[in-house]
Amino acid sequence: ASLDLQNLSRGLRGGKSNAALRRAADDIGNKGVEIIQDSIRRNLKRDTGRLSASWKATRSRVEKGTISVSIVSDSLYARLQDKGGTVKKRDKFLTIPIPGTAARRGQARSHANTFVKDVNDKKYMFQRIGRNKVVALYRLETSVRVPGSKYLQKAQRRLRRYVKRRMNAGIRDLSLGVFRR
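In short, a report on the structure. Since the model is a prediction, treat every value here as computed from it, not as a measurement. (Residues numbered from 1 in each chain as written. Predicted model: local features only at pLDDT ≥ 70, side-chain atom pairs only at ≥ 80, totals over all residues. Heavy atoms only, no water.)

Concerning the overall build of the protein chain
Now for step 1: If you tally the helices and strands in the protein chain, you get 4 helices and 9 strands.
Now for step 2: Start at the N end of the protein chain and walk to the C end: the helices and strands fall as β-α-α-β-β-α-β-β-β-β-β-β-α.
Now for step 3: Burial analysis of the protein chain (181 residues in total) assigns 33% to the buried set. (Helix = DSSP H or I, 4+ residues; strand = E, 2+ residues; numbered from the N terminus. Buried < 20%, exposed > 50% of the residue type's maximum accessible area, 1.4 Å probe, protein only.)

Structure, rendered in structure tokens:
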């Protein structure tokens, strides 16, 4: 997944050096990563921090007064979390933890004394505790639909407002410099 901002410096061209444009691009890229990370915290139900930490900003190009900044994630599920989609099984089943139980994500094989049973045409993994107690740990599915959170669209709107403010401030600074001469 990525967020590309091209030709950010249109309003900053008037005499700005490439070094100044690089600093502006780095600042905008870093701010973009901050905005995306904040959007992830606000819009995803469960945040482990892995998706937030996967976003990086890179300055793609600074030439002839033009900046290109890319903000990218190497996470395999960044696009899935943003756009939504279907997750399909790799092995036998996807294990969906049942809230309020000892079940933990990614830990289905660590439970002892488990068995699978159909209940109302759905498969569940149960754990036998002692002689008479049975607890449902996981619902077993072959695929799961993940709704998109659109965290990138929300972040992109915020970042565009930030870039516009930065460019307007840069134009104001240039205008003040012209009038002071």
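Comments concerning the nonpolar core
A general feature of soluble globular proteins is that nonpolar side chains tend to end up buried together.
Now for step 1: Among the nonpolar cores identified, the biggest contains 19 residues, and Ile36, Ile40, Leu51, Trp55, Ile71, Tyr151 and Leu159 are the most heavily contacted of them.
Now for step 2: Secondary-structure elements contributing two or more residues to this core are α1 (18-43), β3 (66-73) and α4 (151-180).
Now for step 3: In terms of residues, this core owes the most to one element, α4, which gives 7 residues.
Now for step 4: Membership of the second largest hydrophobic core comes to 5 residues, among which are Ala108, Leu137, Tyr138 and Leu140. (Core = buried A, V, L, I, M, F, W, Y, C linked by side-chain atoms within 4.5 Å.)

Comments concerning unusual backbone geometry
Now for step 1: For Asn120, which is not glycine, the phi torsion reads 50 degrees and is therefore positive.
Now for step 2: Structurally, the position occupied by Asn120 is in the loop between β6 (114-119) and β7 (122-129).
Now for step 3: Assessed through its relative accessible area of 72%, Asn120 is described here as exposed.
Now for step 4: Positive phi outside glycine occurs at Lys150, with the angle close to 55 degrees.

Concerning the sheet that holds β6
The strands that make up a sheet are held in pairs by hydrogen bonds between backbone atoms, and each pair lies either parallel or antiparallel.
Now for step 1: Within the open sheet, the 4 strands sit side by side as β5-β8-β7-β6. Their pairing is antiparallel. Taken across any chain shown, the strands that pair with only one partner, and hence form the sheet edges, are β5 (94-97) and β6. When strand polarity is set aside, the average angle formed by the axes of neighbouring strands in this sheet is 40 degrees.
Now for step 2: Bridge count between β6 and β7: 6 bridges; the pairing is antiparallel. Within β7, the residue paired with Phe115 across the bridge is Phe126. (Pairing = 2+ DSSP bridges. Axes fitted to C-alpha atoms, helices over the stretch in contact; angles between N-to-C directions.)

Overview of the pairing of strand β8 (residues 133-141)
Where a strand is regular, its side chains alternate between the two sheet faces.
Now for step 1: Bridge count for β5 against β8 is 4 bridges, and the pairing is antiparallel. Opposite Thr95, over in β8, you have Leu140 as the bridge partner.
Now for step 2: As judged from the 7 bridges shared by β7 and β8, these two strands associate in the antiparallel manner. Paired with Lys123 across the two strands is Leu140, which belongs to β8.
Now for step 3: Between β7 and β8, which pair antiparallel one after the other, the connecting turn spans 3 residues, and Gly130 there sits at a positive phi close to 70 degrees.

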